[in-house]
Every structure is written in C-alpha cells, then in structure tokens.
Amino acid sequence: MPKNLTTGNVFQTLIRFASLYLVSYFLQTLYGMADLFIVGQYNGADVISAVAIGSQIMHMLTVIIVGLAMGTTVLASRATGAGDNKSAAKVIGNSAVMFLIFSVIATILLIAACPLIISAMSVPKESIEQTSYYLLVCFAGIPFITAYNIFASVYRGLGDSKSPMIFVAIACTLNIILDFIFIGIFGMKAQGAALATVLAQIFSVLVASWAWKRGAGSAGGLKLTKSDFRPDKSVLAGLLKIGFPVACQDGFIQISFLIITIIANRRGVDVAAAVGIVEKIICFLFLVPSSMLSAISAVAAQNMGAGEHGRARQTLFYGTMVGVTSGLIFGLLFQFISAPALSLFTREEAVIILGTQYLKSYVFDCTFAAIHFAFSGFFCAYGFSIVSFIHNTISILAMRIPGAWLASKYFPDTLYPMGWAAPLGSLLSALICIGFYIVLRKKGKLGEK
C-alpha cells in the first residue's frame, strides 16, 4: 500500500526515507566508479579517459531522465498524500507512455549522433575508438535505463524508497561481476564496461517488473487499468510542468560539466583522465545532497497534498542542515586524502597529481550545493521547479563555465583554480534560492499552516 509520510517525527521520517535513497544512489554511483576502477586496473590513461568521458555523457542522460521523472514522483506523492489512488494510477500510466516514447526517440537520435558527440567532446585521439565503443553499447540500452528510473520514481512517489534500493542493489552486484568477466578475463576494455552496465540494467528492470506484478512494496492495493495508459492532456501537462524544468536544469548542469571536460580534454590525456576520475569521486560525495533533494521532494509533496505545509517546510530545514554538515566534513577530509583516493583508480603519477589539485578545491561544491539541492527539492514539491531551472542557468552562465575557462587560461600548470568554478557557482545558486524562498513565503505561495 502507498506509505503515509505525513505523520510522526519529521526529522526521523525524512532521514528514514532519505537513507534508502542514499543507498540506492550509492549503488548507482558505484556502477560508474566500479567501471572506472576495474578498467584502471587493467588499462592505461587512454581507456580510463574513454570510460570517464563516456560515463559522464551517460550520467548526463540519466540525470535528465531522473529530472523529468520528478514530475511522476511529485504528482504521485501529492495524490498519495490526499488518499487519491485513482489519480496516482493515472499519473503512473501516463508516465509510462511518455517515457516509452522518449526512450525510443533518444536511442535512435543518440546512436546516429555518436560520432558528432565524440567530436564535440574533443576526446583525446588516443581514446576516440574506446569512447565510441562505450557510447554505442550504452545508447542501445537507453530504454532499460529509462524503465528502471521510472519504476524507481513511481515507487518513491508512493512513499516506498526501499524497493528501488533492492532493484539497484541487484543490478550493481551483477554489474561488478560482469565488469571483472568482460574487462579482466576477456579484455574487452571500455566496451566490456558498457556491456556490463547495460546487461545489469536489463536484469534490474526484469526484477522490478516481476515485483510490481506481484504487488511488492507500495504497489500492493494500487491497480492500473488500460484507461490509465490513455494519454491525458492535464496529467501530461502536470508531469511536464514539474519534470521538464528539472530535466533542463540538470541537463544544463551536466552540459557545464561536459564543457569543463572539453576544456580539460584539450589539455591532454593525463588532464582528461584526472578530471574524469575526480568527477566520479564528486558524484559519490554528492550522494547526501542528492538524496536530500529527492527525499524532500517526495516527503514535502505528500505533506503539501495533505495540507501539512509546516511539516513540508521542516523537511527543507532538516534536509539543508544534513547536507551542509556532510559537505563540510567531506571538504575538510579531502584536503588530506585526495591523493590516496585518486590512487585507487590509477597508478599513473601525473594523473594522481593533477587530480589531487582539482579535487581539493572542487570538493567544497558539496557544501554549497547541499543548500540549493534542498531548496530545489522543496520547490519541486510545490510546483515551482522553474526556480531550479532559473538559478542553475544563471550559475552556469555567470560562474561555472567562465570560471573554469578563465582558470584554465591563466593557470595552465595547475587544476586547483579550475576546481573552484563549481563551488562558486553553487554558492550563487544557493543565494538565489534563498531569495526566491523569501519572496514566495511573503506572497503566501508556500502555504500558511
């Protein structure tokens, strides 16, 4: 049955819900990190760079899907909070149709555009062939990547973050096993890493489908009919109103990361490998703020649907505090352990030195991003996801991209200044979010109770 998140201690409810998100995100992040780690044990900087660049492109696609699916999570959460299973079923059915169309179109377009993507990314010539192999295999698996994330968004929208955790745990375990087989035993390099990921995702979708049919988790008691899959303009508009701005903002953030990667790629294969590895480490460190964003959006949306606006605002406060605290801890810790962390992925000294410079400054993005991540989740719950789009767009254009370019131009011998572009961009986003929150509260747009 759908789970009620509108009663009990707010902090405990948020942490309990977010902790399952955290484990799920950790396992998903482990996908890319495992690929990069295992590839690094058997190959040099050329293949490491290929997997790092390829997985970054796939991560961009995944976060766009997750962002678009935020509409499903929020609308399903609101319906659950209001006790309206009929509306929840209609949201789920329309989401399935919308994402089926999306995945087919995306697969065809990206496979056709693969050579253009590689050229646009300024992939080092030593890594072009392996990057192409990686991307073609992953692009072919887009329908399954999409299907998993829709299952996850539906379960979470119904108040169940445990089932998606189980699905991804199974997939992650299989992915690591297949990595060692394809990369270590068969020597398939980047192609083996991609194949392992896609096969693991396929198996995850099969498990999720089986669980849904058996009524596992929150699916029990919620029945879908053929009419739920009939496109409904109002439902689709609601899904896109929330999900599209989030998908755009997440996509733009990833584009900014890709532009930074392009800047790095043009500085040589060692810099490209170093930046790629650091991006994977940062993805791992962002697990807490990412979990808080998703948990806040689901918990606050249920409380908003039930008219419990005070509880919704409390989720924002607690989520921000948890995210900022974890970010400060990571920021201080990685001033001392950056080099050992880099050495887990490569034995090449030049890559470790460059990566350490980049990570020591970049790591502070975790602290500032925790603030705007929490606000973004809250704004999504109330249907103001456009705010997230606005602050991220301003941050990217005013700070992240120009900051990285200027640092690369004026400090060509170190990556440390370039690492500050992202934290400063997140600080700007956080200030904009706080400003919007104050204005919306004064106008009574966030409820009074």
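All values reported here derive from a predicted model rather than from experimental measurement.

Reading the values: the criteria
- Residues numbered from 1 in each chain as written.
- Predicted model: local features only at pLDDT ≥ 70, side-chain atom pairs only at ≥ 80, totals over all residues.
- Heavy atoms only, no water.
- Phe/Tyr/Trp six-rings, centres within 6.5 Å; stacked < 30°, edge-to-face > 60°.
- Helix = DSSP H or I, 4+ residues; strand = E, 2+ residues; numbered from the N terminus.
- Buried < 20%, exposed > 50% of the residue type's maximum accessible area, 1.4 Å probe, protein only.
- Contact = heavy atoms within 4.5 Å.
- Axes fitted to C-alpha atoms, helices over the stretch in contact; angles between N-to-C directions.
- Parallel < 35°, antiparallel > 145°, perpendicular 65-115°, else oblique.
- Left-handed = near helix turned anticlockwise from the far one by under 90°.
- Nonpolar A, V, L, I, M, F, W, Y, C, P; charged D, E, K, R; others polar.
- Core = buried A, V, L, I, M, F, W, Y, C linked by side-chain atoms within 4.5 Å.
- Salt bridge = Lys/Arg side-chain N within 4 Å of Asp/Glu carboxyl O.

Summed over the entire model, instances satisfying the criterion amount to 14 aromatic pairs. Here the aromatic rings of tyrosine 155 and phenylalanine 167 are separated by 5.6 Å at their centres, their planes lie at 65 degrees, and the arrangement is edge-to-face. Here tyrosine 155, found in helix α7 (residues 142-157), pairs with phenylalanine 167, found in helix α8 (residues 162-185); they are 12 residues apart in sequence, far enough to count as distant. The structure contains a cluster of three or more aromatic residues connected by ring pairs, namely Phe375, Phe378, Phe379, Tyr382 and Tyr437.

On to unusual backbone geometry. Non-glycine residue serine 122 carries a positive phi angle of around 50 degrees. Tracing the sequence through the fold places serine 122 in the loop between α5 (114-120) and α6 (128-140). Located in the positive-phi region is lysine 189, a residue other than glycine, with phi close to 55 degrees.

Let's shift gears to the side chain of serine 49. Note that serine 49 resides in helix α2 (residues 45-68). Of the residues examined, serine 49 reaches a relative accessible area of 0% and is grouped as buried. Leaving out residues up to four positions away in the same chain, serine 49 has contacts with Pro124, Ser127, Val269 and Ala272.

Turning our eyes to something else, we now look at the packing of α8 against helix α9 (residues 189-213). Helix-helix packing is described using two parameters, namely the angle between the two axes and the distance between the axes. For the pair α8 and α9, the least separation of the axes is 8 Å and the interaxial angle reads 150 degrees. The orientation of α8 with respect to α9, classified from their angle, is roughly antiparallel. Taken as a pair, α8 and α9 cross one another with a handedness that is right-handed. Class assignment for the residues of the contact of α8 with α9 results in 17 nonpolar, four polar and two charged.

Attention shifts here to the nonpolar core. Tyr134, Ile281, Phe378 and Met418 are the most contacted members of the largest nonpolar core, which has 139 residues in total. Tallying contributions element by element places α2 first for this core, with 13 residues. Setting aside residues no more than four positions away along its own chain, tyrosine 134 makes contact with Asp35, Val51, Gly54, Ser55, Met58, Ala190, Ala193 and Ala194.

Our next topic: the pattern of salt bridges. Here the structure, examined in full by the defined rule, presents one salt bridge. One salt bridge connects arginine 400 with aspartate 365, and the closest N-O pair in it is separated by 4.0 Å. Of the two residues, arginine 400 is situated in helix α16 (residues 385-410) and aspartate 365 in helix α15 (residues 365-381); the sequence distance between them amounts to 35 residues. As far as the burial class goes, arginine 400 and aspartate 365 line up, both buried.

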